[in-house]
Amino acid sequence: MVVKNESDLTPAVLAVMNRTEDPRLREILVAMVTHLHAFVREVRLTEVEFREATAMLNEIGKLHTDHHNEFVLMAGSLGVSSLVCLLNNGDRGQTETSQSLLGPFWRLNSPRVENGGTIMRSETPGTPLFVHARVVDRDGKPIAGAEVDVWHASPVGLYENQDPDQAEMNLRGKFMTDEQGRFWFRTVKMVGYPIPVDGVVGRLLKAQGRHPCRPAHLHALIFKHGYKTLISQVFDPSDPNIDSDVQFGVTAALTGDFIRHEAPHPTETDIPGPWFSLDYTYVMELGEAVLPRPPIK
């Protein structure tokens, strides 16, 4: 149709979107155009603002590298990643879930480690942490033979791909749950850290007067055929930023009990104390086992 004025435009675009053959894609495109046009009208977006917005999107794309994903950071900083996660798990957001956002630092092909082993591959100063975890279904039954990929930032707040002083795949490892659904390993206690702020996300946070920090957390990605792939983070509730995570990822179900011990470790003679322990139970839901696309290499 020939557009006579602004009120004619949205129906014209929606008519084209409605021709999309795939029903789910059609639903998404119609809703996107409806809300996007409504947003432009609500804020009365100026031409200058539109050009700045498109330039910003271009800049976000150009900032993507093998080691950095600005789009994932932006999605988290706007709460979109957590919203998508919560809407798609835990009875569509009605109950607690072990699911969390993937984040921008997961890598494929982390090294396999036997239960009880360490994920430290280079000298990593920090307080020792011993993790003992279980993987169960929603009825509390153990899930044996689940592949558990774990990773976390170092005590200086950097993942190994960000830090030339760390060995390749340091603080990353892949475990297999035993017949009781258990896996366990040794590492060092992680700390909270600031997300990268030298790009578009950093400017957004500065404009809003927000800090860029994430509270200390342990990542896990758990894969088992017959179950929906579980992507999770376990947060340290004692972290000063536990109530103001820049990525809006903290939920009650994702807080763990990082217990400090002052006495020597009962079995590891090289640890006189202090050291930490974390016991946590991951709950998987029935579904399709699909690995996500890695945000970095």
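None of these values were measured; they are calculated from a predicted model. (Residues numbered from 1 in each chain as written. Predicted model: local features only at pLDDT ≥ 70, side-chain atom pairs only at ≥ 80, totals over all residues. Heavy atoms only, no water.)

## Notes on the overall build of the protein
Line of reasoning, step 1. Of regular secondary structure, the protein possesses seven helices and ten strands.
Line of reasoning, step 2. Overall size of the protein, expressed as C-alpha extent along the three principal axes, is 80 × 40 × 30 Å.
Line of reasoning, step 3. Across the 297 residues that make up the protein, the buried fraction comes to 44%.
Line of reasoning, step 4. With the model as given, the accessible surface of the protein reaches about 16,100 Å², and the carbon-plus-sulfur share is 57%.
Line of reasoning, step 5. Considering the protein, the positive charge centre built from 29 side chains and the negative charge centre built from 38 side chains are found 5 Å apart. (Helix = DSSP H or I, 4+ residues; strand = E, 2+ residues; numbered from the N terminus. Buried < 20%, exposed > 50% of the residue type's maximum accessible area, 1.4 Å probe, protein only. Areas by Shrake-Rupley, 256 points an atom, 1.4 Å probe, with all protein chains shown as cover. Lys, Arg positive; Asp, Glu negative; His and termini not counted. Charge placed at Lys NZ, Arg CZ, Asp CG, Glu CD.)

## Details of the packing of helix α4 (residues 70–77) against helix α7 (residues 200–208)
Line of reasoning, step 1. Two elements in contact, α4 and α7, have axes whose closest approach is 9 Å; the angle formed by their N-to-C orientations is 25°. Judged on the interaxial angle alone, α7 and α4 are roughly parallel. For the pair α4 and α7, the contacting residues are E70, L73, M74 and S77 in the first and V200, V201 and L204 in the second.
Line of reasoning, step 2. Taken together, the residues of the contact of α4 with α7 break down into five nonpolar, one polar and one charged. (Axes fitted to C-alpha atoms, helices over the stretch in contact; angles between N-to-C directions. Parallel < 35°, antiparallel > 145°, perpendicular 65-115°, else oblique. Contact = heavy atoms within 4.5 Å. Nonpolar A, V, L, I, M, F, W, Y, C, P; charged D, E, K, R; others polar.)

## Remarks on the sheet that holds strand β8 (residues 230–235)
Line of reasoning, step 1. On the basis of which strands lie adjacent, the open sheet formed by four strands has the order β3-β2-β7-β8 and antiparallel pairing. Both outer strands of the open sheet, β3 (172–176) and β8, are each paired with one neighbouring strand and no more. Between one strand axis and the next, the sheet turns through 20° on average, direction left out of account.
Line of reasoning, step 2. Strand direction decides the pairing type here: strand β2 (residues 147–151) and β3, joined by five bridges, are antiparallel. Note that in β3 the partner of W151 across the bridge is R172. (Pairing = 2+ DSSP bridges.)

## Some words on a nonpolar patch on the surface
Line of reasoning, step 1. A surface patch of nonpolar side chains, amounting to about 430 Å² of accessible area, comprises M32, L36, F39, V40 and V43.
Line of reasoning, step 2. Residue placement: L36 occurs in helix α2 (residues 23–43). (Patch = residues over 30% accessible without salt bridge, like charges linked within 9 Å, V, L, I, M, F, W, Y side chains within 5 Å. Salt bridge = Lys/Arg side-chain N within 4 Å of Asp/Glu carboxyl O.)

## Comments concerning unusual backbone geometry
Line of reasoning, step 1. That bond from G273 to P274 is cis: its omega, 0°, falls within 30 degrees of zero.
Line of reasoning, step 2. The residue P274 is located in the loop between β9 (257–261) and β10 (275–283) in this model.
Line of reasoning, step 3. We note that N109 has phi near 65°; this positive angle belongs to a residue other than glycine.
Line of reasoning, step 4. On the secondary structure map, N109 appears in the loop between α6 (90–93) and β1 (128–136).
Line of reasoning, step 5. Residue classification places N109 among the exposed residues on the basis of a relative accessible area of 61%.

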